[in-house]
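Listed here are the chains, written in short residue letters.
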Amino acid sequence: MLKDNQVQYDPQTDVLYLVSKMGQIERSQEVSPGITIEYNDKGEGVGLEVLHASKVFSNKVIALLLAHQVGVL
């Protein structure tokens with residue numbers, strides 16, 4: 001499971017960002033419209049950015065992310 005600081009959702013921009021590994025980002029690749037994987041210098045995926053996250057994930061998932069961010073869960 002990802003730690004608190006590894007999951008960030010911004011409701012104003014509707015962007016979800018997941019960090020799988022800390023480190024410098026060397027390159028990014030859009031793997032699907034609005035979904036980008038970020039890689040470190042070893043070619044390991046270190047982050048995932050999802051634009052328009054509310055269109056990708058259900059309202060229930062978005063609500064859980066927001067509740068977790070504000071400390072309700």
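All of the points below concern the structure found in this document. What you are looking at is a predicted structure, and each value in this text was computed from that prediction instead of being measured.

## Brief notes about the pattern of salt bridges
- Per the counting criterion, the structure on display carries 1 salt bridge.
- Here Glu44 ties to Lys21 by a salt bridge, and the two come within 3.1 Å at their closest N and O atoms. Linking Glu44 in the loop between β4 (35–39) and β5 (45–51) with Lys21 in the loop between β2 (15–19) and β3 (27–32), this pair joins segments that are 23 residues apart in sequence.

## What to know about the nonpolar core
- If you look at the biggest cluster of nonpolar residues, it comprises 7 residues: Val7, Tyr9, Leu16, Val50, Ala53, Ile62 and Leu65.
- Looking at this core, the elements that each hand over two or more residues are β1 (7–10) and α2 (59–69).

## Quick look at the packing of aromatic side chains
- Counted under the stated rule, the structure contains 0 aromatic pairs.
- The ring of Tyr39 carries Arg27 above its face, with NZ or CZ at 4.2 Å from the centroid.

Rules of the game
- Residues numbered from 1 in each chain as written.
- Predicted model: local features only at pLDDT ≥ 70, side-chain atom pairs only at ≥ 80, totals over all residues.
- Heavy atoms only, no water.
- Salt bridge = Lys/Arg side-chain N within 4 Å of Asp/Glu carboxyl O.
- Helix = DSSP H or I, 4+ residues; strand = E, 2+ residues; numbered from the N terminus.
- Core = buried A, V, L, I, M, F, W, Y, C linked by side-chain atoms within 4.5 Å.
- Buried < 20%, exposed > 50% of the residue type's maximum accessible area, 1.4 Å probe, protein only.
- Phe/Tyr/Trp six-rings, centres within 6.5 Å; stacked < 30°, edge-to-face > 60°.
- Lys NZ or Arg CZ within 6 Å of the ring centre and 35° of its normal.

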